[in-house]
Amino acid sequence: MTWRNPLRDPRDRRLPRIAGPCGLVLFGVTGDLSRKKLMPAIYDLANRGLLPPGFSLVGFARRDWADQDFAQIVHDSVKEHARTEFREEVWEQLSEGVRFVSGSFDDADAFERLRATVDELDAARGTDGNHAFYLAIPPGSFGTVAQRLKQHGLADAPDGSWRRVVVEKPFGHDLESARELDRALGEVFPEDSIFRIDHYLGKETVQNILAIRFANSIFDPVWNANYVDHVQITMAEDGGIGGRAGYYDGIGAARDVIQNHLLQLMALVAMEEPPAFDADSLRLEKEKLLSSIVLPRRLDLTTARGQYVGGWAGGAKVPGFLEEEGMPAGSTTESYAAVTLHVENRRWAGVPFYLRTGKRLGRRVTEVAVVFKRAPHLPFSAGSTEELTQNAIVIRVQPDEGMTLRFGSKVPGTALEIRDVSMDFAYGGSFTEASPEAYERLILDVLLGDPPLFPRHREVELSWQILDPVLEAWARKGTPDPYPAGTWGPESADAMLERDGRAWRRP
Amino acid sequence: MIELIDTTSSAIAAEFVRARTRAGSPAMGMVMTLVVVVDEDDAEAAMRVARQAAHEHPARVLGVIIGDGRGHGSVDAEVGIGAGWSGETALIRLSGEVTRHPESVVLPLLLPDSPVVAWWPTDAPEDPAADPLGALATRRITDSASATKARTLALQRQCASYTRGNTDLAWTRLTPWRALLAGALDQQHLTVTGALVGAERHNPSADLLAGWLGSRLKVQVERRATDGPGITEVELETRQGPIRLDRPDGRLATFSSPGRPDRPTALRRRDLPALLAEELRRLDEDEVYAEVAEHVLHAQKERA
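Residues numbered from 1 in each chain as written. Chains lettered and ligands numbered in written order. Predicted model: local features only at pLDDT ≥ 70, side-chain atom pairs only at ≥ 80, totals over all residues.

## Things to note about the overall build of chain B
Right, on to step 1. Per the secondary structure count, chain B includes nine helices and 14 strands.
Right, on to step 2. Along the three orthogonal principal directions, the C-alpha set of chain B runs to about 65 × 45 × 30 Å.
Right, on to step 3. Relative to its full complement of 304 residues, chain B shows a buried share of 44%.
Right, on to step 4. For chain B, the proportion of contacts with a sequence separation of at least 24, taken over those separated by at least 6, is 72%. (Helix = DSSP H or I, 4+ residues; strand = E, 2+ residues; numbered from the N terminus. Buried ≥ 20, exposed ≤ 12 C-beta atoms within 10 Å, placed from the backbone. Contact = placed C-beta atoms within 7 Å.)

## Topic: the overall build of chain A
Right, on to step 1. Secondary structure assignment for chain A yields 14 helices and 18 strands.
Right, on to step 2. For 507 residues, the compact-globule estimate of 2.2 N^0.38 gives 23 Å, and the C-alpha radius of gyration of chain A, at 25 Å, lies within 12% of that figure.
Right, on to step 3. The dimensions of chain A, computed from C-alpha atoms along their principal axes, are 80 × 60 × 40 Å.
Right, on to step 4. Each of the 507 residues in chain A was classed as buried or not, and the buried ones make up 43%.
Right, on to step 5. Counted over contacts in chain A with a minimum sequence separation of 6, partners at least 24 positions apart contribute 78%. (Rg over C-alpha atoms; globule rule 2.2 N^0.38 Å.)

## Description of the sheet that holds strand 1 (residues 2–4) of chain B
All names here are of chain B.
Right, on to step 1. Judged by pairing direction, the sheet is mixed, and its eight strands sit side by side in the order 1-4-5-3-2-6-7-8 without closing on themselves. Lying at the two open borders of the sheet, with one neighbouring strand each, are strand 1 and strand 8 (166–168). Direction aside, neighbouring strands of the sheet carry axes that sit 20° apart on average.
Right, on to step 2. Where strand 2 (residues 32–38) lies against strand 6 (residues 116–119), four bridges are found, and the strand directions are parallel. When the bridges of strand 6 are listed, Val36 appears paired with Trp119.
Right, on to step 3. On the sheet, helix 2 (residues 40–56) packs against strand 2, strand 3 (59–66) and strand 5 (88–95) and is oriented at approximately 170° with respect to strand 3. (Pairing = 2+ DSSP bridges. Axes fitted to C-alpha atoms, helices over the stretch in contact; angles between N-to-C directions.)

## Things to note about the interface of chain B and chain A
Right, on to step 1. Contact with chain B, which involves 34 residues of that partner, is made by 36 residues of chain A.
Right, on to step 2. Among the elements of the structure, helix 2, helix 6 (175–187), helix 7 (204–217), strand 13 (252–256), strand 14 (263–266) and helix 9 (287–303) of chain B are those that each provide at least two residues to the side of chain B that touches chain A.
Right, on to step 3. In terms of residue count, helix 6 of chain B provides more of the side of chain B that touches chain A than any other element does, ten residues in total.
Right, on to step 4. Tallied by class, the residues present in the side of chain B that touches chain A amount to 16 nonpolar, eight polar and ten charged. (Nonpolar A, V, L, I, M, F, W, Y, C, P; charged D, E, K, R; others polar.)

## Examining helix 7 of chain B
Residue and element names in this part refer to chain B.
Right, on to step 1. Helix length check: helix 7 (14 residues) gives 20 Å between terminal C-alpha atoms against 20 Å at 1.5 Å per residue, within 8%.
Right, on to step 2. Of all 14 residues that make up helix 7, eleven are buried, and the element is covered over most of its length.
Right, on to step 3. Following helix 7 by one or two positions, Lys218 adopts a phi angle in the positive range, close to 55°. (Expected span 1.5 Å × (residues − 1).)

## So, the sheet that holds strand 12 (residues 243–246) of chain B
In sheet architecture, strand pairing relies on hydrogen bonds along the backbone and comes in two forms, parallel and antiparallel.
Right, on to step 1. Strand order across the open sheet formed by six strands is 10-9-11-12-13-14 (chain B), with mixed pairing between neighbours. Of all strands in the sheet, those bounded by a partner on one side alone are strand 10 (221–225) and strand 14 of chain B. Across this sheet, the average inter-strand angle for adjacent strands is 20°, counted without regard to direction.
Right, on to step 2. Sheet topology places strand 13 of chain B next to strand 14 of chain B; four bridges connect them, and they run antiparallel. Residue pairing in the sheet places B:Leu252 in a bridge with B:Ala266 of strand 14 of chain B.
Right, on to step 3. Of the strands in this sheet, strand 13 and strand 14 of chain B are in contact with helix 3 (residues 88–95) of chain A, which crosses strand 14 of chain B at around 150°.

## As for unusual backbone geometry
Right, on to step 1. Residue A:Pro170 is reached from A:Lys169 by a cis peptide bond, and omega for that bond is 5°.
Right, on to step 2. Looking at where A:Pro170 falls in the secondary structure, it is placed in the loop between strand 5 (163–168) and helix 6 (175–186).
Right, on to step 3. Cis geometry marks the peptide bond from B:Gly228 to B:Pro229, where omega comes out at 0°.
Right, on to step 4. Residue placement: B:Pro229 occurs in the loop between strand 10 and strand 11 (231–238).
Right, on to step 5. The backbone phi angle of A:Asp128 is positive, close to 60°, even though this residue is not glycine.
Right, on to step 6. Take A:Asp128: it is sitting in the loop between helix 4 (108–124) and strand 4 (131–135).
Right, on to step 7. Taking the number of C-beta atoms within 10 Å as the measure of exposure, A:Asp128 has 20 and is therefore buried.

## Things to note about the pairing of strand 10 of chain B
Residue and element names in this part refer to chain B.
Right, on to step 1. Strand direction decides the pairing type here: strand 9 (residues 192–199) and strand 10, joined by five bridges, are parallel. Its bridge partner lying in strand 10, Val197 is registered against Arg223.
Right, on to step 2. The parallel pair strand 9 and strand 10 is bridged by helix 7, and the resulting crossover is right-handed. (Right-handed = clockwise from strand over helix to strand, strands pointing away.)

## Comments concerning the domain arrangement of chain B
Right, on to step 1. With domains assigned, chain B is organised as domain 1 (2–168) and domain 2 (175–266).
Right, on to step 2. Each of domain 1 of chain B and domain 2 of chain B was reduced to a C-alpha centroid, and the two centroids are 36 Å apart. (Domains from an automatic or database assignment.)

## Some remarks on the packing of helix 7 (residues 204–215) of chain A against helix 9 (residues 252–270) of chain A
Residues and elements named next belong to chain A.
Right, on to step 1. It is at 9 Å that the axes of helix 7 and helix 9 come closest, and there the two elements cross at 20°. In terms of axis orientation, helix 7 runs roughly parallel to helix 9. From helix 7, Val206, Ile209 and Leu210 reach across to helix 9, where they touch Leu265, Leu268 and Val269. (Parallel < 35°, antiparallel > 145°, perpendicular 65-115°, else oblique.)

## Some thoughts on the domain arrangement of chain A
Right, on to step 1. Entries for chain A in the domain assignment read domain 1 (23–168) and domain 2 (201–435 + 466–498).
Right, on to step 2. Between the C-alpha centres of domain 1 of chain A and domain 2 of chain A the distance comes to 36 Å.

## So, the nonpolar core
Right, on to step 1. The biggest cluster of nonpolar side chains holds 216 residues, and the ones touching the most others in it are A:Leu26, A:Tyr134, A:Leu135, B:Val35, B:Val36 and B:Leu209.
Right, on to step 2. Once residues within four sequence positions are removed from consideration, A:Leu135 is found in contact with A:Phe27, A:Phe142, A:Val145, A:Val165, A:Val166 and A:Val167. (Core = buried A, V, L, I, M, F, W, Y, C linked by C-beta atoms within 7 Å.)

## Brief notes about the environment of B:Glu56
Residues and elements named next belong to chain B.
Right, on to step 1. Mapped onto the elements, Glu56 comes out in helix 2.
Right, on to step 2. A tally of 22 C-beta atoms within 10 Å means that Glu56 is categorised as buried.
Right, on to step 3. Separated by twelve residues in the primary sequence, Glu56 and Asp68 place their C-alpha atoms 34 Å from one another.

## Some points on the confidence of the model for chain B
When pLDDT drops low, the exact placement of atoms in the prediction is not to be read closely.
Right, on to step 1. Of the residues in chain B, 97% reach a pLDDT of 70 or more, and the chain-wide mean stands at 90.
Right, on to step 2. As a predicted assembly, this complex carries a pTM of 0.87 together with an ipTM value of 0.86. (pLDDT = per-residue confidence, 0-100.)

## Some thoughts on the packing of helix 5 (residues 142–151) of chain A against helix 6 of chain A
Residues and elements named next belong to chain A.
Right, on to step 1. Viewed as axis vectors pointing N to C, helix 5 and helix 6 meet at an angle of 15°, and their least axial separation amounts to 8 Å. Compared by their axis directions, helix 5 and helix 6 come out roughly parallel. Crossing of helix 5 against helix 6: the hand is left-handed. Touching Phe142, Gly143 and Ala146 of helix 5 are Leu181, Ala184 and Leu185, all from helix 6.
Right, on to step 2. Across the contact of helix 5 with helix 6, the residue classes tally to five nonpolar, one polar and no charged. (Left-handed = near helix turned anticlockwise from the far one by under 90°.)

## Structural notes on the environment of B:Gly241
All names here are of chain B.
Right, on to step 1. Assignment of secondary structure puts Gly241 in the loop between strand 11 and strand 12.
Right, on to step 2. Note on Gly241: 13 C-beta atoms within 10 Å, which makes it partly exposed.
Right, on to step 3. Distance in space between the C-alpha atoms of Gly241 and Gly214 is 19 Å, their sequence separation being 27 residues.

## Let's talk about the environment of A:Phe70
Right, on to step 1. With respect to the secondary-structure elements, A:Phe70 resides in helix 2 (residues 67–81).
Right, on to step 2. Ignoring any residue separated from it by four or fewer positions in sequence, one finds A:Phe70 in contact with A:Val29, A:Gly59, A:Trp65, A:Val98 and A:Phe100.

Structure, rendered in structure tokens:
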């Protein structure tokens with residue numbers, strides 16, 4: 001007979017899901033990701049009452065720290081970056097479970113100490129053998145750490161408990177290296193214990209794409225090639241690469257953003273309705289969509305890449321890509337990438353998807369614009385519809401989260417002049433104030449063992465299969481085209497859409 | 001804020017539109033109408049709480065002060081759109097004959113189609129659903145803990161007049177306690193043989209918590225009087241030992257369960273804006289509260 005908790009009732013939807021007893025071991029505690037995102041997210045979860053009593057946080061790094069020193073680091077990062085108010089009692093709950101293990105990734109003694117720490121937490125804090133290992137470290141070290149975890153018995157869960165590993169992008173730099181990474185982790189952890197974080201998928205607005213598409217009846221009938229002319233997916237940043245030249249050189253915009261965030265966004269926008277909203281159904285639909293994506297034949301005419309050159313952006317003087325600190329002279333890494341993709345299925349045949357991303361663009365914005373065909377017949381004079389373009393639904397992912405509907409309307413006071421107007425739904429107004437940071441949602445899902453928002457290795461491989469030919473073509477021929485910092489990318493990107501008789505939207 | 005003296009609903013509605021246009025943003029992003037029924041003395045504080053909750057749920061907030069019923073009827077209003085928050089507010093004072101027909105003032109001001117919530121921050125009608133303003137609402141929020149008249153009977157009355165859509169902030173206050181207790185049984189599959197709730201003598205939340213444990217676990221729940229603040233302890237007895245939550249100071253609790261180390265758990269008493277915001281998150285019927293209300297009434301009758 002299965003146990004039924006008498007205090008639970010499916011109708012009792014006030015009760016949040018609290019993770020069971022567990023701990024998180026954090027590798028790479030000194031990085032920006034840990035200090036600005038992970039530690040604050042853990043505190044915010046605790047403050048919202050979603051972490052179990054006894055939750056423990058172990059830091060692992062090559063620093064000569066005691067537990068208190070690490071606790072101080074966590075304390076400072078929480079105070080500075082947490083989303084919710086700092087409360088002494090929440091900190092008391094958290095800080096009792098903070099531990100630090102000093103050592104490098106190939107240091108056997110350190111991993112032996114880590115094992116002892118984890119055992120001590122199971123006894124003193126009741127974490128029950130449940131531990132997640134968060135690898136906030138360069139992917140080159142994944143293999144070493146995974147092997148060490150295995151050698152010291154940290155990867156094997158005692159009966160009735162779990163061990164999970166969490167990794168961040170980049171998941172490799174091409175198909176081959178992605179497979180290698182999977183092998184390294186897969187030798188130690190089973191696939192369902194590997195959680196790949198694409199923090200975009202934790203965003204409320206991205207999850208809302210599914211709500212908008214599948215909870216409404218007004219969008220679905222037009223969500224296909226009969227009505228849609230094309231789709232533009234944009235992720236633009238106004239900042240440069242800053243001090244990350246070492247990471248960025250050789251990676252570039254396409255690997256950094258298109259392979260993961262943009263292809264995942266595209267999958268959610270274009271996939272068929274899943275039979276249910278569980279992890280397997282969602283992934284299956286995403287995989288189906290990704291496997292029906294094909295590249296155009298002439299990659300030189302349907303892709304574009306660029307590098308920003310120094311100039312004025314947003315009123316400040318900024319250096320060019322090649323002048324950034326630590327960037328090797330003559331680097332051919334792109335800071336702007338745009339690609340054209342086709343989907344070979346009945347719903348989307350003939351509808352191009354244009355994906356673009358870049359640094360030092362006009363402003364920071366991520367959005368999906370579904371642009372519709374013009375009405376087949378306009379019973380108005382040509383002059384009166386001169387300023388009417390195409391209808392569009394824009395899903396604004398960040399900032400200013402929400403949705404825009406663009407349609408034609410009569411200009412008041414004229415005889416019959418029709419012009420584009422926008423209707424806005426601002427998520428910012430409705431519901432967001434308390435909306436959790438993406439990392440809160442994702443960390444909680446790791447601890448609960450709930451995988452719908454994490455891409456599986458098949459999705460990662462499919463994404464590389466799509467992107468690899470583009471990267472190879474770029475490596476074979478040519479260099480990135482320059483574009484002035486603070487503008488919307490190189491001329492070659494505009495030319496790429498002009499060839500199709502279209503133009504990029506100014507987001 | 002624009003003051004309208006001896007006015008009507010349509011003048012108030014017109015002022016809303018004018019205020020939005022003046023602010024340069026004629027679009028409405030509001031998701032509900034929140035009617036706050038309150039006394040003059042508590043009006044300012046209540047409107048502040050409503051505004052804070054409206055950060056999460058942009059709303060048209062209508063404060064209604066029902067004044068002296070004698071003499072010629074008059075409607076006065078202060079109308080404004082929020083500076084620093086997304087919504088609209090009107091504080092409407094009724095006096096004279098119109099105090100017997102407040103719904104006639106509020107009905108024309110409800111936002112189209114969207115939900116209507118009525119909230120009584122202090123004293124609530126004995127049967128909120130039968131109240132003329134309560135009848136306009138799909139969700140009726142009372143707060144037995146802040147009743148000023150017949151305090152000991154307030155919860156009893158709300159339980160007795162329970163109608164689909166009613167809820168009480170005394171119940172909302174329990175969510176974190178209930179989450180921890182339910183979580184405890186998720187972890188250890190133990191059979192509970194008895195329970196105890198310790199709290200201040202007059203504490204509607206403690207009565208509801210005892211009711212919830214009694215109705216779900218089918219055991220006798222002892223109610224122990226302590227000095228507070230609020231609820232101070234909960235214990236579930238099992239054959240393996242007790243599962244306990246102790247919160248002597250109203251902020252940090254100690255969680256203990258059989259065979260496990262004691263663990264501190266943050267469990268602060270929440271403030272009104274947080275409670276109201278939780279209440280506005282779900283507007284469908286709360287069946288579990290309905291069962292608990294019935295259980296509380298039943299237990300009361302047996303004692304009597």
